[in-house]
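Coordinate analysis (summary)
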Amino acid sequence: MERLKIATVWLGGCAGCHMSFLDLDEFLIDLAGKVDLVYSPIADVKEYPEGVDVCLIEGAVCNDDNLEILHQVRARTKVLVSFGDCAVTGNVPAMRNQFGLGNADNVLQRAYIDNAQFNPVKPRQDGIVPLLRERVQPVHELVRVEYFLPGCPPPADCIKALMVQVLEGKTPKLEGRQLKFG
Amino acid sequence: MSKRIVIDPVTRIEGHAKISIFMDDAGNVADAEFHVVEFRGFEKFCEGRPYSEMPGITQRICGICPVSHTLASAKAGDAIMAVNIPPAADKLRRLMNLGQMVQSHALSFFHLSAPDFLLGWDTPPARRNVFGIIAANQELARAGIRLRQFGQEIIEILGAKKIHPAWAVPGGVRSSLTEEGRAKIRAWLPEAFATTKVAFDLWKKTMKTHGREIQIFGNFQSLFMGLVAPDGTWEHHGGKLRFTDSSGSIIADQIDPANYQDYIGESVQNSSYLKSPYYLPLGFPEGIYRVGPLARLNVAEQMGVPKADAELKLFKKLGRGAVTSSFLYHYARLIEILASLEYIERYMDDPELSSDYLRADAGINSLRGVGASEAPRGTLFHDYTVDRDGLLQKVNLIVATGQNNLAMNQTVAQIARHYVHGNDIPEAMLNRVEHGIRCYDPCLSCSTHAVGQMPLHVQMIAPDGTVLDDKMRG
Ligand code: SF4
C-alpha cells in the first residue's frame, strides 16, 4: 500500500490541538514509519500539496488568510477532519462575535490603540497583515468536512483512535469517551 | 531601485508569521521586518466576564504554554482578592510551571530547532522536521519526545489534563500531588537527566561548528529583563523584575511586577499584529530589551541548584558582561531544563506538596490585580481591572514573545545582511533567516493572543509595487 499523505493545518487557534497531536509521543515514531507528513506547522513545506489523504485542521476561521488557505486545503484533501473545538464550534476565538457587527474594529481598538503608548494604530498593510473577518466561523460553515474531532484540545488518545482507524483503511468512528468537548 | 523580499510563512515556529527583507539600490540588505499576521482579541472579549473564569479562558491563548497563562491569571486573581495563597499552593504552582518549562524547552530544542543544526541548513525542506530526526536518529528523537512527555505528564499529574488543565484558581490550586504521581515523577527523573546530558553533548558539538552563527544570529547590544529572587537567584514564578544592560550592569532592580507600566511601554507597528514593548525610560526604539532563557540567565547571578550552576558558569564565560548572541538561547534553554529537573527533584522530597490546605478565600478587595510569571519564552503579565462584583472592566496582557519583537527584527536584518547580496536568494539562506527567529522560540499564538500556514513566497517588490522577482519554495 502506498504511504498515506497526512497534513495538519493551523488556522485561528492556540496550537493546543497541535500540541495534543505531539502528545501522541512515541506513537509519532510508529506513524513516521507508516505515513508521510506532507504539510504542517512543525515541518518546512510552505505550499500545501495536491493529493493529501487526511488533514487535521485546527482553529476557527478568523481572517482572510485563514479563509484562503482553507479553500486550498479543501480542494487538495480527500478527508478533512475538523480538529478541536475551535474548528468545530468557533470556541474561544468566536467570543469576539458577541460584539456583533464591528467587533473586529472593537478588539483592534483595545489592543492597538488603548493598550499602546507609542504609535497607537490598527495594523493595516496590504498583502502583509490580513483583514479580520467580521464574524469568526467554524470550519464546516465554510467548507465540507468529513469528520469532527472535538475537545479543547482533543486528548491524544482520541487522535490516536482516529489515526489508527484511518491507517487501517476504515471509516473512522469515534464514540463514548472518545467524543468530548472542552 | 529598492526591493522587498517576503518569506511567507515562517515555519517551525509556534505561529503564523512573515518576514520582509528590504534591499537598497546597491542590492544590499537595508532592513528587515518580522510580521505576525494573526490576532484574536482576548484583551477585549474577556471584558464583562468574572475574573475567576480567566485562568480557564486565557490559557486558550496558547496551547504551548497554557500553564503560564493560567498561573499568571490566577496570580492576578490572588491580587484582586488581596490574599497570600497557602504555601503548598505556591509550591504546587511552581512544580507545574517547572513541568511546563521542561516540555516547552524540549519541544523547541528537539522538535523545532534540532532539525537545523543536526540535519544541517541545506537539508531538503521536506526532511527538515521532527520526522526527519526520527529517520536520522531514532534514539535521539525518542529521547527528545520522552523528555517533552515527562514535562507534560507532570502537568497532567497535577491538573488532570496535559493541555488546558482547569486547576489553578484565584487563591490557590484545586488539588495536591498524589503519592502515585510523586512516585511516577521520581521514577522518570533519571531518564530525564540522562536525556539532558545527551542534549548538552550535542549542543557543545554544535557550538564548535557554528561559530559563525554565534557571531551573527542576533548578536547585538540590548537590555535584558527577567524575574529574580531577592538575592539575584534565577526565578520562574515569583520574585521581582530586574533589567541589565549588555555590559552586565544592573540598571533597574527588584521592581514589583505590579508597577510594570512605569518601566514598559508598548508600541505598534503598522505591518504586524505583534506589538513591541520597550523599556520606557529609554524610549522607543532605544529601549529594546530581550526576555526568555538568554535574558533570565543574563540577569540571574546563580541558578540555585548545583548542576545548573556549574553550567551557568560556563555559559557566562561566553560574553563580556552579558551573553549577547541570540543563537545561545538554545544553550540557555538547556540550562533551564537542567535547573528545572533539579528543582523538581527537590520537590519530590517535600511533604508539603501533599498538603490539603490549598486555597485562600476572599471577596473582591482590590479593583486591580497584576499577575506575572516567567513563561518558557519570557516574562508574562496579566493586568486586570474589575468592578466591585469582580467583572472585568479592562484587560492588558504583555506576553513574552512581544517583548522580543524588536530583537527579532534586528536579528533578521543582521542575518540577511550576511547572506543576501544582489538578486540571488539561496534557499538555505532563507532557512537561516528563519532560524534567527526560531532562536527566540517565538510563541505567536501568545503574542497576538492570536495563527496558519502558506507557501514560502519570496517576492522582490519595487517601491511602486511591481514584482521584480518571484520565487516559491515547497
Ligand atoms: S480547541 Fe482548544 S486547544 Fe484547540 S486550538 Fe482551540 S483553544 Fe486551542
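All values reported here derive from a predicted model rather than from experimental measurement.

Section: the site of the ligand
- Taken together, 14 residues surround the ligand, and among them Cys-14, Cys-17, Glu-58, Cys-86 and Cys-152 of chain A come closest.
- Taken together, the residues near the ligand originate from chains A and B.
- For the shell around the ligand, the secondary-structure elements that each account for two or more residues are helix 1 (16–22) and helix 4 (85–89) of chain A.
- In terms of residue class, the shell around the ligand is made up of five nonpolar, six polar and three charged.

Points about helix 4 (residues 87–119) of chain B
Residues and elements named next belong to chain B.
- If you check helix 4, its first and last C-alpha atoms are 46 Å apart, about what 33 residues at 1.5 Å a residue would give, namely 48 Å.
- At Ser-113, helix 4 shows its maximal kink, close to 65°; a proline, Pro-115, follows between one and four residues later.
- Most of helix 4 sits out of view: 28 of its 33 residues are buried.
- Just downstream of helix 4 lies Gly-120, where phi reads positive at about 105°.

Things to note about the sheet that holds strand 7 (residues 147–149) of chain A
Residue and element names in this part refer to chain A.
- If you trace the five strands from one edge of the open sheet to the other, you get 2-1-3-5-7, paired in parallel fashion. With one partner strand each, in any of the chains shown, strand 2 (35–39) and strand 7 form the two edges of the open sheet. Each adjacent strand pair in this sheet contributes to an overall mean axis angle of 25°, direction not counted.
- Across three bridges, strand 5 (residues 77–83) lies against strand 7 in parallel orientation. Its bridge partner lying in strand 7, Phe-83 is registered against Leu-149.

Re the side chain of Ser-246 of chain B
All names here are of chain B.
- As for its placement among the helices and strands, Ser-246 is situated in the loop between strand 7 (240–244) and strand 8 (250–255).
- There is a polar contact of 2.9 Å between the side chain of Ser-246 and the backbone nitrogen of Ser-222.
- When neighbours within four sequence positions are excluded, Ser-246 is seen to be in contact with Gln-221, Ser-222, Phe-224, Arg-320, Gly-321, Ala-322 and Thr-324.

Quick word on the pattern of salt bridges
Residue and element names in this part refer to chain B.
- Taken as a whole and assessed by the stated rule, the structure comprises 32 salt bridges over all chains.
- Between Glu-191 and Arg-146 there is a salt bridge, and its shortest N-O distance comes to 2.7 Å. Of this pair, Glu-191 sits in helix 7 (residues 179–209) while Arg-146 sits in helix 6 (residues 138–159), and the two are 45 residues apart along the sequence.
- Measuring nitrogen to oxygen at the nearest pair gives 2.7 Å for the salt bridge that ties Arg-296 to Glu-374. Residue Arg-296 is found in helix 9 (residues 293–299), and its partner Glu-374 is found in strand 12 (residues 368–375); the two are separated by 78 residues along the sequence.
- Owing to a relative accessible area of 0%, Arg-296 belongs among the buried residues under this scheme.
- Look at Glu-374 and you get buried, because its relative accessible area is 0%.

Some remarks on the domain arrangement of chain B
All names here are of chain B.
- Split by domain assignment, chain B resolves into domain 1 (3–38 + 409–473) and domain 2 (84–219 + 327–361).
- Residue-level contacts link 18 residues of domain 1 with 25 residues of domain 2.
- Carbon and sulfur atoms supply 50% of the area that domain 1 and domain 2 bury against each other, a total of about 1900 Å² over both sides.
- At the surface where domain 1 touches domain 2, the tally comes to one salt bridge.

Here we look at the sheet that holds strand 8 of chain B
Residue and element names in this part refer to chain B.
- Spatially, four strands are ordered 8-7-6-11 in an open sheet, and the strand pairing comes out mixed. Two strands bound the open sheet, and with one partner strand each, they are strand 8 and strand 11 (289–290).
- The pairing of strand 7 with strand 8 spans three bridges and is classified as antiparallel. Each residue of the ladder has a partner; that of Leu-241, found in strand 8, is Ile-255.

Focus: the packing of aromatic side chains
- Using the criterion set out here, one finds 15 aromatic pairs over all chains in the structure.
- A ring pair is formed by Tyr-39 of chain A and Tyr-48 of chain A, whose centres lie 5.0 Å apart and whose planes are at 70°; its orientation type is edge-to-face.
- Of the residues examined, Tyr-48 of chain A reaches a relative accessible area of 0% and is grouped as buried.
- Across from the ring centre of Phe-220 of chain B, 4.3 Å away, lies the NZ or CZ of Arg-290 of chain B, which sits over that ring.
- Across from the ring centre of Phe-193 of chain B, 4.2 Å away, lies the NZ or CZ of Lys-307 of chain B, which sits over that ring.

Looking at unusual backbone geometry
- Here the amide bond leading from Cys-152 of chain A into Pro-153 of chain A is cis, since omega sits at -10°, within 30 degrees of zero.
- Within the secondary structure, Pro-153 of chain A sits in the loop between strand 7 and helix 6 (156–167).
- Backbone torsion omega between Phe-284 of chain B and Pro-285 of chain B reads 0°, so that peptide bond is classified as cis.
- Note on placement: Pro-285 of chain B falls in the loop between strand 10 (276–279) and strand 11.
- A positive phi angle, near 45°, is found at Asn-91 of chain A, a position not held by glycine.
- By the element assignment, Asn-91 of chain A lies in the loop between helix 4 and helix 5 (103–114).
- Using a relative accessible area of 23% as the deciding quantity, one classes Asn-91 of chain A as partly exposed.
- Unusually for a residue other than glycine, Gln-254 of chain B sits at a positive phi of about 50°.
- Relative to the helices and strands, Gln-254 of chain B resides in strand 8.
- According to the relative accessible area criterion, Gln-254 of chain B is partly exposed, its value standing at 31%.

Here we look at the side chain of Glu-336 of chain B
All names here are of chain B.
- Topologically, Glu-336 is positioned in helix 11 (residues 329–347).
- The buried category is assigned to Glu-336, whose relative accessible area is 0%.
- Those residues in contact with Glu-336 that lie beyond four places of it in its chain are Met-101, His-105, Trp-234, Pro-293, Arg-296 and Leu-297.

Focus: the packing of helix 4 of chain B against helix 11 of chain B
Residue and element names in this part refer to chain B.
- Relative to each other, helix 4 and helix 11 sit at 150°, their axes nearing to 9 Å. For the crossing formed where helix 4 meets helix 11, the hand is left-handed.
- Among the residues forming the contact of helix 4 with helix 11, the class breakdown is 13 nonpolar, six polar and four charged.

Thoughts on the pairing of strand 7 of chain B
All names here are of chain B.
- Of all five residues that make up strand 7, four are buried, and the element is covered over most of its length.
- Summarising the sheet, strand 6 (residues 223–228) and strand 7 pair through five bridges and their orientation is antiparallel. Directly across from Gly-226, in strand 7, lies its bridge partner Arg-242.
- Connecting the antiparallel pair strand 7 and strand 8 is a turn made up of five residues, with Gly-248 showing a positive phi of about 95°.

About the thresholds
Residues numbered from 1 in each chain as written. Chains lettered and ligands numbered in written order. Predicted model: local features only at pLDDT ≥ 70, side-chain atom pairs only at ≥ 80, totals over all residues. Heavy atoms only, no water. Near = heavy atom within 4 Å. Helix = DSSP H or I, 4+ residues; strand = E, 2+ residues; numbered from the N terminus. Nonpolar A, V, L, I, M, F, W, Y, C, P; charged D, E, K, R; others polar. Expected span 1.5 Å × (residues − 1). Bend = angle between axes of the 7 residues up to and from the residue. Buried < 20%, exposed > 50% of the residue type's maximum accessible area, 1.4 Å probe, protein only. Pairing = 2+ DSSP bridges. Axes fitted to C-alpha atoms, helices over the stretch in contact; angles between N-to-C directions. Polar contact = N/O pair within 3.5 Å; in protein donor to acceptor, adjacent residues only side chain to side chain. Contact = heavy atoms within 4.5 Å. Salt bridge = Lys/Arg side-chain N within 4 Å of Asp/Glu carboxyl O. Domains from an automatic or database assignment. Buried area = accessible area lost by both parts, 1.4 Å probe. Phe/Tyr/Trp six-rings, centres within 6.5 Å; stacked < 30°, edge-to-face > 60°. Lys NZ or Arg CZ within 6 Å of the ring centre and 35° of its normal. Left-handed = near helix turned anticlockwise from the far one by under 90°.

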